[in-house]
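Summary of structural features
Take a look at the letters that make up each chain.
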Amino acid sequence: MSQIKRILVAGGAGFLGSRICENLVEQGHDVICVDNFFTSQKSNVTHLLSRPNFEIIRHDIIHPVWLEVDEIYNMACPAAPGHYQYNPIKTMKTSVMGSINLLGMAKRCGARYLFASTSEIYGDPEIHPQPETYRGSVNTLGPRACYDEGKRAAETLCMDYYRSNKVPVRIVRIFNTYGPRMHPYDGRVISNFIRQAFTGEPITIYGDGSQTRSFCYRDDLVDAIIKMMNSDQVGPINIGNPGEYTIKQLAEIIVEMTGSKSKIVYTDLPADDPKKRQPDITLARKHLQWEPTTQLRDGLKQTIEWFRGIELSHYRPPTP
Ligand code: NAD
Ligand code: UDP
């Protein structure tokens, strides 16, 4: 195996972070998971505690933390609209102050730093699909701005630490991702639809369901993120699955796959909801030799199985 590194995963107990921790522990690295458990369950990572190369620290990244590490994955930020709008000022602080703290650590340690940016930095896009050169169309004043603008500012910080302090940064722009360990009450479309299908609640389509998203399975995504860290690319590089579906199509597929009796209902579209989204992954293909391999129905099968096995009452809405 290649050289063993000490790796910090901030937000390491979350949906994506916990899968990154599992992969890195499996590769034999020394992994430190830092998380304040705002949107995650400890149970996402407690199974790793029996491994000698894994530890957890409860910490909020808006405050400095002093560790000696070789690599930092910064995945810490509430990601679902319902979660990041719960305390929008805290969301902005997490992206901006959290990035300053972890980039400062990377500078001091000479560590590589990967930042989990988002397709949301493109806002409601006028260009389709979205390449990395597109500068976006974000409403700076709207309810999504705490997330979108926080991530945009964090990308700026990455580039300034890279140019001014030679910190080796890696920026990935993640498009909608789903899979086992999604928070069942995060309000995201796939978790809502599967939960509603199981409980018999109505399936809630916001607007007329003609808006589109492109859904990437968790394991494809995590594979690309680890490849990006190990590459020589600064980025930004889009990571996502170009397979694009309307929300109405998604609802019909989930109803069919779960055999649910839930009715589909139509409710108001939230403010600033992007009308379409699809990644252009030319750069990921070229520089990371990566493309997703999991078809939507295969990934949904895994996700539905996972939802079938969990106890919904063990999950609560997040607390600050
Ligand atoms: P998640 O909510 O499951 O994970 C985020 C983790 O960060 C949680 O464990 C949470 O408790 C932790 N966290 C939040 N604020 C923190 C703070 N101030 N200090 C320490 N820990 C904190 O979400 P996820 O889907 O796993 O997303 C992980 C990252 O990927 C996020 O940065 C998100 O913006 C980005 N991303 C995710 C998606 C997606 O579709 N899942 C899309 C684009 C970008
Ligand atoms: N959506 C929906 N019903 C739901 C949850 C979401 O129709 O119960 C829609 C939402 O309006 C958006 C799309 O599904 O158009 C994806 O929403 P999600 O919150 O998963 O991700 P994001 O909008 O951040 O891409």
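An unreviewed UniProt entry lists the chain under the name NAD-dependent dehydratase, from Blastopirellula marina. Quoted straight from UniProt, the Cofactor (unreviewed entry) entry for the chain says "NAD(+)". Its UniProt record gives the chain a comment under Subcellular location (unreviewed entry), which states: "Cytoplasm".

**Some words on the overall build of the chain**
When helices and strands are counted, the chain shows 9 helices and 13 strands. In terms of C-alpha radius of gyration, the chain reaches 19 Å, essentially the compact-globule figure of 20 Å for 320 residues. Its C-alpha atoms put the chain at 55 × 45 × 40 Å along the principal axes. The proportion of buried residues among the 320 residues of the chain is 45%. Across the chain, contacts joining residues at least 24 apart in sequence account for 81% of those joining residues at least 6 apart.

**Brief notes about the site of ligand 2**
Residues in close proximity to ligand 2 total 15 residues, the closest being Arg188, Val189, Asn192, Thr204 and Tyr206. Put simply, the parts of the chain that give the shell around ligand 2 at least two residues each are helix H5 (189–199) and strand E8 (203–206). At 3 residues, the largest contribution of residues to the shell around ligand 2 is made by E8. Two domains share the shell around ligand 2, each providing at least three of its residues, namely domain 1 (6–177 + 216–239) and domain 2 (182–213 + 243–275 + 294–312).

**Thoughts on the pairing of strand E2 (residues 30–35)**
Of all 6 residues in E2, 5 are buried, a share of seventy percent or more. Relative to E2, strand E1 (residues 6–10) runs parallel, the two being bridged by 5 bridges. Note on E2: the bridge partner recorded for Ile7 is Val31. The handedness of the E1 to E2 crossover, carried by helix H1 (residues 15–26), is right-handed.

**Details of unusual backbone geometry**
Here the bond from His128 into Pro129 is cis, since omega is -10°, no more than 30 degrees from zero. Here Pro129 lies in the loop between strand E5 (112–118) and helix H4 (145–165). Of the consecutive residues Gly235 and Pro236, the connecting peptide bond is found in the cis state with omega at 0°. The phi angle at Arg181 is positive, at roughly 80°, despite the residue not being glycine. Secondary-structure assignment places Arg181 in the loop between strand E7 (177–178) and H5. A positive phi angle, close to 50°, is found at Gln289, a residue other than glycine.

Parameters at a glance
- Residues numbered from 1 in each chain as written.
- Chains lettered and ligands numbered in written order.
- Predicted model: local features only at pLDDT ≥ 70, side-chain atom pairs only at ≥ 80, totals over all residues.
- UniProt positions renumbered as here; feature names shortened; annotations may be inferred.
- Helix = DSSP H or I, 4+ residues; strand = E, 2+ residues; numbered from the N terminus.
- Rg over C-alpha atoms; globule rule 2.2 N^0.38 Å.
- Buried ≥ 20, exposed ≤ 12 C-beta atoms within 10 Å, placed from the backbone.
- Contact = placed C-beta atoms within 7 Å.
- Near = placed C-beta within 6 Å.
- Domains from an automatic or database assignment.
- Pairing = 2+ DSSP bridges.
- Right-handed = clockwise from strand over helix to strand, strands pointing away.

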